[in-house]
Every structure is written in C-alpha cells, then in structure tokens.
Amino acid sequence: MTHGPKRSSPIGDHAEKRAIPNHPDQHDLIDWGTFGPKDRRIEQLVWELAQDYGLRLVQIEAKILKSLYDYKEELAEARQGQSSSGASSDLHSER
C-alpha cells in the first residue's frame, strides 16, 4: 500500500542531523522520515483505523505520538532507576 516516497520532511532532516554513527539502524532511521515504517502492518493498521472506525489521520498520528512519548518516558525512568541503583535491566525489551 505504499504510495511512493514522501516529500522531504522535518523528521527526515532531523534524523540526518541526529544520526548516531555506529547505530545498527542508522540508514533505516534516516530513510524512515522519507519512506515511512518498514513494517507494513503499521500502514495497514492506520488504514483500518481510518476506514473501519472513521478516524482522521491526525487522530491516529496523535495516538502514535502519545504512545511513543509514553514509551520514551518509560525508558528514561528505567535508565534513571538503573543509574541510581546500579541495577542492570534491558531498556529495549518489547512491550
């Protein structure tokens, strides 16, 4: 269902500026702002939410943003707890 590359976006520009030199997904992260997610299930779910529930794209994107901000906060809290307790935990485990 991909409809071709997206126009240049601030996200893509932002990703290039913040690229982590040794990150294993560096090129995919840079491309993500232009081409979108690699997992087609994300696009499929967006379409289903729009078609089956009448949600607007702005509503769906707001939900995605909230989820990502919540996840970022969880990771920051876990990192903070890890650094203050010296305990080791996997910050990147699946939900």
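Figured I'd write up the structure that's included with this text. Worth saying up front: this structure is predicted, and the values here are computed from it rather than measured. (Residues numbered from 1 in each chain as written. Predicted model: local features only at pLDDT ≥ 70, side-chain atom pairs only at ≥ 80, totals over all residues. Heavy atoms only, no water.)

Within the chain, the secondary structure is distributed over four helices and zero strands. Ordering the α and β elements of the chain from the N terminus gives α-α-α-α. Counting every position in the chain, which comprises 95 residues, the buried fraction comes to 9%. For the chain, contacts bridging at least 24 residues in sequence account for 37% of all contacts bridging at least 6. (Helix = DSSP H or I, 4+ residues; strand = E, 2+ residues; numbered from the N terminus. Buried < 20%, exposed > 50% of the residue type's maximum accessible area, 1.4 Å probe, protein only. Contact = heavy atoms within 4.5 Å.)

The full count for this structure, using the stated rule, is three salt bridges. One salt bridge in this structure joins R41 and D39, with 2.5 Å as the shortest N-O distance. As a salt-bridge pair, D70 and K66 come within 2.8 Å of each other at their nearest N and O atoms. In this pair, D70 and K66 both sit in helix α4 (residues 57–85), four residues apart, roughly one turn of the helix. A relative accessible area of 31% places D70 in the partly exposed class. (Salt bridge = Lys/Arg side-chain N within 4 Å of Asp/Glu carboxyl O.)

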